Amino acid sequence: MTQNEVATALRHVVPAEIILSRDEELHPYECDGLSVFRQKPMLVVLPRTEDEVRQVLITCRRLEVPVVARGAGTGLSGGATPHKSGVLLSMARLNKIVEIDPVARIARLQPGVRNLKVSEAAAPHGLFYAPDPSSQIACSIGGNVAENSGGVHCLKYGLTVHNVLGIRGLTIDGELIELGGRAPDHPGLDLLSLVIGSEGLLMVVTEVTVKLIPRPQLARVVMASFADVRKAGDAVASIIAAGIIPAGLEMMDRKATAAVEPFVQAGYDLSAEAILLAESDGTPEEVADQIAEIESVLQAAGATAMVVSSSEAERLRFWSGRKNAFPAAGRVSPDYYCMDGTIPRKNLGPMLEAIEDMEERYSLRCMNVFHAGDGNLHPLILFDANTPGEWERADKFGAEILELCVRLGGTITGEHGVGIEKINSMCVQFSDAERAMFFGVKAAFDATGLLNPGKAIPTLARCAEYGKMHVHAGQLAHPDLPRF
Amino acid sequence: MDSSSSVLRELRERVTAAHNERRTLRLRGSGTKDFYGEAIEGELLDLRPYRGIVDYEPSELVITARCGTPLSEIEAALKHRGQFLAFEPPAFKGDPTIGGVIAAGLSGPRRMYAGAARDFVLGVTLLDARAEILRFGGQVMKNVAGFDVSRLLCGSLGILGVITEVSLKVLPQPRAEQTLRFEMSAQQALEAFNRWSGQPLPLSGAAWCNGLAWVRLSGAASAVRAAHERLGGERIDATPATHWWNALRHHTHPIFANNTVWRLSVPDTTPPMDLPGHPLIDWGGALRWYAYGGTADALIARDEVGYSSGGETYHELEGVRARELATAAGGTALCWHGRALETGRFHPLQPGVTALHRRLKQHFDPHGIFNPGRMIPGL
């Protein structure tokens, strides 16, 4: 199928002005937030209604043209990387808040609504939408559903899957499917959970119903300094072991604080090897109690200094550094590669030490920011794509971190998704039989394989190939190194 | 080889034989939920022998156990370390296995406030029809690698395969808990529940029956105290409070002793429904229980419940009406126990969604050996 043939077929069913085909129009869509992978799509379509989405899907299905749905394009795993002979379906214009019902505490949203806009619209009612990925100013709710996005508050408030009540969407055949809804516990298999986090491989979501929750009266954050990273990691486990579930529990190493401090003046202790941010929210009484408890646990865990936010402005300032860690990485290095593994919390210390060792071996710097309460790591590997060999080293460095995550009892991706980026690492985490089951799930929704092909689940052949180049003679690279 | 691996080997052999010989299996733990879902036939596959807590680290907030582990054993281990299963799975009148708890996916009174069973599932090991052992999810809080098959299996009623091991998120027990009671009509209670749910209050239960609204607060002692001052109501002592919430959780409340019980899951803002009988309302209004044709009932007088005319036809008409009203409210109605409708015990699914069920079942269990018909007749 040529671009012209597909465009002509689409112009029969949707208005010509929502179809982009000229090079300069396609250019902005060639990558998502993971810009090392670029691919110009054959066409971009920007539907404004669910019916236009249906018409595009039916046409693509008939012509056997791949379809990649895209929200705001902020994803970090290349999940929205276009297909070279496919249609990129941008959901950005489906951006209306359909309904906010403050009594029922729900919002019905088109997929292109920005994450932060939901909380802004709910704020006059004293409500908010809990998942807050760091890209929340820009990322869309449809993309959040595709990736099962998290954020800094999911330890207490859960991920997207815990906060979405229902979705409405279309299969590649154009069939309308409604899953979940405003009543809890729908009968049948929990297909809602299956579709959330499915990275656009199962269906195209056209409406999302989310839960809104009461905004806590007060939030305060403790910032604690530690003289070594392992102690900071152990302090995280101590907080949880004490029966405290903070609203947020984040960690940054010295390289990260040094990078962000000149950028945002968050007031971080630059002499500390690691800092922890532990937030408490709720009524003023319970926040006071919990902050006191957190302070005493951190004291016992060896904190060298502690500051508690005394105003909302100060609280936001402490968080600003954490939320700006990625742009700060971009400021201190021409390029950075953000990883997203999750490990059991108890292994934070060993993981950090292993990363330090990898920095030496790959001759690349890595700064670390963690959703420590969830054990979700975001090591930011700094490199320069213009220096020959650096990207390749960064890529291997990242893959080694992910393999270690799996060995430590964790996963290769906590919240960014597999996309195209971690497709090889999927071979490390899942067996052939498990991946075959994933393909079965895919086929149940999309027998043609036209929705977002080549993402999220590697084929058996691909894993066989990866295994060959990766595990040489049955040995992992660097067999002499200690593995945790 | 330890005993658990020989038990697992035996389970795999049974599944392989059933798959090869196209024989159907009826998966069962303790049998506390034999009544639940459609009646099925098939060779019994007793999953109780594959038992034991595999891993429990309180600081990780995760427990991993084999499917046959009794719920009581898990709850005792958690309690010992000041933790609990926040979705409060019902035990009914026995001691269910954790595999059964997750396969049924049922949650107790805390469901709207702490989350449902599926919200606490972190990972599941599945013994599939080809006798392969497959692991989905894991032991960490955040995991988006691959499709979320572990949550798909929660509530799957065993139709996709045998859940052999589960990892669940656990939470610290609330520091303080206080139950309050208010004299209110159903209408007043529903309005109050919805109003309170929109405020930053430490709610962990809200139910109504027979003119009384019950509200549970859980959390830091200071938060519970402040919320009580704000809401007022009669303080209920810990013993009767526990008795009340356990009666809802485990279905020992007298309403469940009736012959036919319908469970309506609706948006919590749904006004009182035009069905005969006094409902038991749970989940802040999102769950409505209606019972007919019952036994002696300590709380609800016979006439009030509206089943005095009795008879099977009568029940079916009520069931049809329950379905209609639940659908109109944007919810679903399930015939919990007693005589179901011809359309099945569970609320019928959208045709496109049923088709997805068929294709998933076909892939997971091509010869239909696992619990055929338990969820959807013919599937």
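Residues numbered from 1 in each chain as written. Chains lettered and ligands numbered in written order. Predicted model: local features only at pLDDT ≥ 70, side-chain atom pairs only at ≥ 80, totals over all residues.

A. Focus on the sheet that holds strand S16 (residues 335–338) of chain A. Residues and elements named next belong to chain A. Spatial strand order, S15-S12-S14-S13-S17-S18-S16: 7 strands in an open sheet with antiparallel pairing. Edge strands, defined here as strands with exactly one partner in the open sheet, are strand S15 (305–308) and S16. Taking each pair of neighbouring strands and ignoring which way they run, the sheet shows an average axis angle of 15°. Sheet contacts for helix H12 (residues 312–323): strand S12 (218–226), strand S13 (248–253), strand S14 (274–282) and strand S17 (365–371); angle to S12, the most-contacted strand, approximately 55°. Strands in contact with helix H14 (residues 348–362) are S17 and strand S18 (376–383); relative to S17, the strand with the most contacts, it is inclined by about 160°. (Pairing = 2+ DSSP bridges. Helix = DSSP H or I, 4+ residues; strand = E, 2+ residues; numbered from the N terminus. Axes fitted to C-alpha atoms, helices over the stretch in contact; angles between N-to-C directions. Contact = placed C-beta atoms within 7 Å.)

B. Layout of the nonpolar core. Of all hydrophobic cores here, the largest spans 260 residues; its most connected members are Val-45, Val-67, Val-87, Leu-89, Val-210, Val-236 and Leu-276 of chain A. Beyond its immediate sequence surroundings of up to four residues, Leu-89 of chain A is in contact with Val-45, Pro-47, Val-56, Val-67, Val-68, Ala-69, Arg-70 and Val-204 of chain A. (Core = buried A, V, L, I, M, F, W, Y, C linked by C-beta atoms within 7 Å. Buried ≥ 20, exposed ≤ 12 C-beta atoms within 10 Å, placed from the backbone.)

C. Summary view of the sheet that holds strand S16 (residues 287–292) of chain B. Residue and element names in this part refer to chain B. Taken in spatial order, the 8 strands of this open sheet run S13-S10-S12-S11-S15-S16-S14-S17, and their pairing is antiparallel. Looking at strand neighbours, the two that pair on one side only are strand S13 (234–236) and strand S17 (332–337), the edges of this open sheet. On average, each strand axis in the sheet is inclined to that of its neighbour by 20°, with strand direction left out of account. Sheet topology places strand S14 (residues 260–265) next to S16; 6 bridges connect them, and they run antiparallel.

D. Region of the structure containing the interface of chain A and chain B. The interface is formed by 77 residues belonging to chain A together with 67 residues belonging to chain B. At the level of secondary structure, the elements contributing two or more residues to the side of chain A that touches chain B comprise strand S9 (176–180), helix H8 (191–195), helix H9 (229–241), helix H11 (284–300), helix H16 (425–429) and helix H17 (432–445) of chain A. Sort the elements by how many residues they give to the side of chain A that touches chain B and H17 of chain A lands first, with 9 residues. Per-class residue counts for the side of chain A that touches chain B are 34 nonpolar, 27 polar and 16 charged. (Nonpolar A, V, L, I, M, F, W, Y, C, P; charged D, E, K, R; others polar.)

E. Looking closely at the domain arrangement of chain B. Residues and elements named next belong to chain B. What the domain assignment lists for chain B is domain 1 (3–172), domain 2 (176–249) and domain 3 (254–337). Taking the mean C-alpha position of each, domain 1 and domain 2 sit 31 Å from one another. Listed by partner, the interface residues are 7 residues for domain 1 and 7 residues for domain 2. When its residues are assigned to classes, the side of domain 1 that touches domain 2 shows 4 nonpolar, 1 polar and 2 charged. (Domains from an automatic or database assignment.)

F. Structural view of helix H4 (residues 115–122) of chain A. Residues and elements named next belong to chain A. When H4 is considered as a whole, its buried residues turn out to be Asn-115, Val-118 and Ala-122. Buried residues in H4, looked at end-on, bunch into an arc of 60°, giving them a common side. Considering only its buried residues, H4 is in contact with strand S5 (97–101), strand S6 (106–109), strand S7 (127–128), helix H5 (141–147) and strand S10 (204–211). (Arc of directions from axis to C-beta.)

G. Quick look at the domain arrangement of chain A. Residue and element names in this part refer to chain A. The assigned domain composition of chain A is domain 1 (3–90), domain 2 (97–214), domain 3 (218–327) and domain 4 (328–466). Its C-alpha centre places domain 2 at a distance of 25 Å from the equivalent point of domain 4. If you look at the interface, domain 2 gives 14 residues, while domain 4 gives 19 residues. Across the side of domain 2 that touches domain 4, the residue classes break down as 8 nonpolar, 4 polar and 2 charged.

H. Local environment of the packing of H9 of chain A against H14 of chain A. Residues and elements named next belong to chain A. In contact at an axis separation of 8 Å, H9 and H14 are set at 155° when each is read in the N-to-C sense. In terms of their interaxial angle, H9 and H14 are classed as roughly antiparallel. Here the hand of the crossing between H9 and H14 comes out right-handed. Counted together, Val-229, Arg-230, Gly-233, Asp-234 and Val-236 of H9 and Leu-348, Gly-349 and Leu-352 of H14 form the full contact between these two elements. Partitioned by chemical class, the residues of the contact of H9 with H14 number 4 nonpolar, 2 polar and 2 charged. (Parallel < 35°, antiparallel > 145°, perpendicular 65-115°, else oblique. Left-handed = near helix turned anticlockwise from the far one by under 90°.)

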